[in-house]
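Analysis of the macromolecular model
If you want the building blocks of each chain, they are given just below.
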Amino acid sequence: METNQTTNGALHGKIALVTGGTKGIGKAIVKKLQQAGATVIVTARNQPEEQDAAYTFIAADLSQAEEVNKVTGIINGQFGHIDILINNMGANTYPGGGFSTLTDEHWINALQVNLLSSVRLDRALLPNMLQRKNGVIIHISTTSSQFPIWESTMAYSAAKAALNTYSKALATEVADKGIRVVTVSPGLNKTEAMTAFLEDYAKQGGITVEEMTENLFRRLGGVPLGRMAAPEETAELVYFLVSPAASFITGANLIIDGGNFPVVK
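Residues numbered from 1 in each chain as written. Predicted model: local features only at pLDDT ≥ 70, side-chain atom pairs only at ≥ 80, totals over all residues. Heavy atoms only, no water.

Points about the layout of surface pockets
Of the volumes computed, that of the second largest pocket is approximately 360 Å³. Looking at the lining of the second largest pocket, the elements with two or more residues in it are helix 2 (24-35) and helix 8 (231-242). With eight residues, helix 2 is the largest single contributor of residues to the lining of the second largest pocket. For the lining of the second largest pocket, a count of residues per class yields eight nonpolar, six polar and eight charged. (1 Å grid on protein atoms, 1.4 Å probe; cavity = no way out; pocket = protein on both sides within 12 Å on 5 of 7 lines; lining within 4 Å. Points joined across faces, edges and corners; volume = space filled by probe spheres on them. Helix = DSSP H or I, 4+ residues; strand = E, 2+ residues; numbered from the N terminus. Nonpolar A, V, L, I, M, F, W, Y, C, P; charged D, E, K, R; others polar.)

Quick look at the packing of aromatic side chains
Summed over the entire model, instances satisfying the criterion amount to zero aromatic pairs. Over the ring of Tyr-239 we find Lys-32; its NZ or CZ atom is 5.4 Å from the centre of that ring. (Phe/Tyr/Trp six-rings, centres within 6.5 Å; stacked < 30°, edge-to-face > 60°. Lys NZ or Arg CZ within 6 Å of the ring centre and 35° of its normal.)

Considering the pattern of salt bridges
Taken as a whole and judged by the stated rule, the model has six salt bridges. A salt bridge links Glu-236 to Lys-32, with the shortest nitrogen-to-oxygen separation between them at 2.8 Å. Separated by 204 residues along the polypeptide, Glu-236 in helix 8 and Lys-32 in helix 2 bring together distant segments of the chain. Judged by its relative accessible area of 4%, Lys-32 is buried. Between Asp-83 and Arg-132 there is a salt bridge, with its nearest N and O atoms 3.1 Å apart. Residue Asp-83 is found in the loop between helix 3 (65-78) and strand 4 (84-87), and its partner Arg-132 is found in helix 4 (residues 104-132); the two are separated by 49 residues along the sequence. Since its relative accessible area comes to 4%, Asp-83 is described here as buried. With a relative accessible area of 37%, Arg-132 lands in the partly exposed category. (Salt bridge = Lys/Arg side-chain N within 4 Å of Asp/Glu carboxyl O. Buried < 20%, exposed > 50% of the residue type's maximum accessible area, 1.4 Å probe, protein only.)

Overview of the nonpolar core
By size, the foremost hydrophobic cluster in this structure holds 30 residues, and its most contacted members are Leu-17, Ile-82 and Leu-85. If you list the elements that add at least two residues to this core, you get strand 1 (15-19), helix 3, helix 4, helix 5 (154-174) and strand 6 (179-186). Each residue touching Leu-17, except ones within four places of it in the same chain, is listed here: Ile-41, Val-42, Thr-43, Ile-75, Ile-82, Ile-84, Leu-85, Ile-86, Leu-121 and Leu-125. Grouped together as the second largest cluster of nonpolar side chains are 27 residues, Val-18, Ile-29, Val-40 and Tyr-239 included. (Core = buried A, V, L, I, M, F, W, Y, C linked by side-chain atoms within 4.5 Å. Contact = heavy atoms within 4.5 Å.)

Considerations on the environment of Ile-86
Within the fold, Ile-86 resides in strand 4. Look at Ile-86 and you get buried, because its relative accessible area is 0%. A C-alpha to C-alpha distance of 8.5 Å links Ile-86 and Gly-26, two positions 60 residues apart in sequence. Leaving out residues up to four positions away in the same chain, Ile-86 has contacts with Leu-17, Val-18, Thr-19, Ile-29, Leu-33, Ile-138, Ile-140, Val-238 and Val-242.

Side note on the confidence of the model for the protein chain
For the protein chain, per-residue confidence averages 92 on the pLDDT scale, and residues scoring 70 or more make up 97% of the total. Between residues 1-5, whose pLDDT stays under 50, and residues either more than four places distant or in other chains, the model counts eight contacts. (pLDDT = per-residue confidence, 0-100.)

Quick word on the pairing of strand 5 (residues 135-140)
Counting buried positions along strand 5 yields six of six residues, so the element is predominantly enclosed. By the alternation rule, side chains of strand 5 split into Gly-135, Ile-137 and His-139 and Val-136, Ile-138 and Ile-140, which are all buried. With four bridges joining them, strand 4 and strand 5 adopt parallel strand pairing. Considered in strand 5, the bridge of Asn-87 is made with His-139. Between the parallel elements strand 4 and strand 5, the chain passes through helix 4 in a crossover that is right-handed. (Pairing = 2+ DSSP bridges. Right-handed = clockwise from strand over helix to strand, strands pointing away.)

What about the pairing of strand 4?
Across the two faces of strand 4 the burial is the same, with Ile-84 and Ile-86 and Leu-85 and Asn-87 all buried. For strand 1 and strand 4, the ladder comprises three bridges, and the chain directions are parallel. Bridging across to strand 4, Leu-17 finds its partner in Leu-85.

Quick notes on the side chain of Thr-22
Summarising the element assignment, Thr-22 is placed in the loop between strand 1 and helix 2. Among the residues examined, Thr-22 registers a relative accessible area of 7% and is labelled buried. For Thr-22, the residues in contact, after removing those within four places along its chain, are Lys-27, Val-42, Ala-44, Asn-46, Pro-48, Tyr-55 and Phe-57.

Here we look at the sheet that holds strand 5
Pairing in this open sheet of seven strands is parallel, and the strands run 3-2-1-4-5-6-7 from one edge to the other. Each edge of the sheet is formed by a strand with only one pairing partner; in this case those strands are strand 3 (56-59) and strand 7 (253-256). Put simply, the sheet's adjacent strands are angled 20 degrees from each other on average, direction ignored. When strand 5 meets strand 6, the two strands line up parallel, connected through six bridges. From the neighbouring strand, Ile-140 faces strand 6, where its bridge partner is Val-184. Contacts between helix 3 and the sheet are confined to strand 1, strand 2 (39-44) and strand 3, with strand 3 contributing the most and set at about 155 degrees to the helix. Contacts between helix 4 and the sheet are confined to strand 1, strand 4, strand 5 and strand 6, with strand 4 contributing the most and set at about 175 degrees to the helix. (Axes fitted to C-alpha atoms, helices over the stretch in contact; angles between N-to-C directions.)

In C-alpha cells, the structure reads:
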C-alpha cells in the first residue's frame, strides 16, 4: 500500500498519543502517524514486540484511574502537551452466551475498558488542548455498537455504544473551542485479537477457523467486499481524520466495514 508520497511530513511537529498501540489497528495507526512525521507516544498493558520502536512507550492499564494519571503525568513532564489523541483501547474478552453469562464484574470491566478509559484520558488531556485552542481526538469504536451480536458481543457492544454517544456530546461541547472529536467504527479487521476470537469460538463449536469465519460473515449479513479489512486500511482513515484535510469533520461516526453495515446511516 502506497503511503509515503501522500503522508510524508503532513503531521510534522505534531505530538500524538495512541492507546492500545502495540497490536492490531493501534499498531497500524502508530506506523501511519510516524510516516506522516508525528512524534508518537504509545500506551498499552504489554510491552511492544519491537525492541527498537521509534516511539515513546508507556506501560499502563488505562482501565485503572490511577494509571491514567500516571500516563498524563509523564506526557506533561516530557512533552508538555499533545495535539492528537487516538483512544484506540478496547477489548471484547467477556463470556459469550447472552445475558445470563455476564456478571456485574463483566459489565463493569467492559465499561472501564471500552468507555471510561477514554473518558478519563480525555478529561486529563483536553484542558491543555483547550488552552491552546487546537487538537483532535479520535475514539475507535466498532460497528458492533450499532449491530450487537447477543451471543458474543453484548457487553462490549453496549459499552462502545455508550462511547459513541459520549463522543458525539463531547464533539458538540468543544467544537467552537478549536477541538475536533470524531468516532471511527471499524467492522471486521484481520488482527491478532480477531484471530484469537475466531480460534476460541471455533474450538468451542468443534469446527474449523475457516468455518467459523464463514459463520461470522453470515451472522453479520455478509461483507460485500468479501473479506476483512487489513488494519492498515483502517489506519488510513484515522490518518485522514487527524490531518489538515479533515479540518471540517467533527462529531461524525465514520464506518469502515467493507459495506457490511445493513442500514442507511
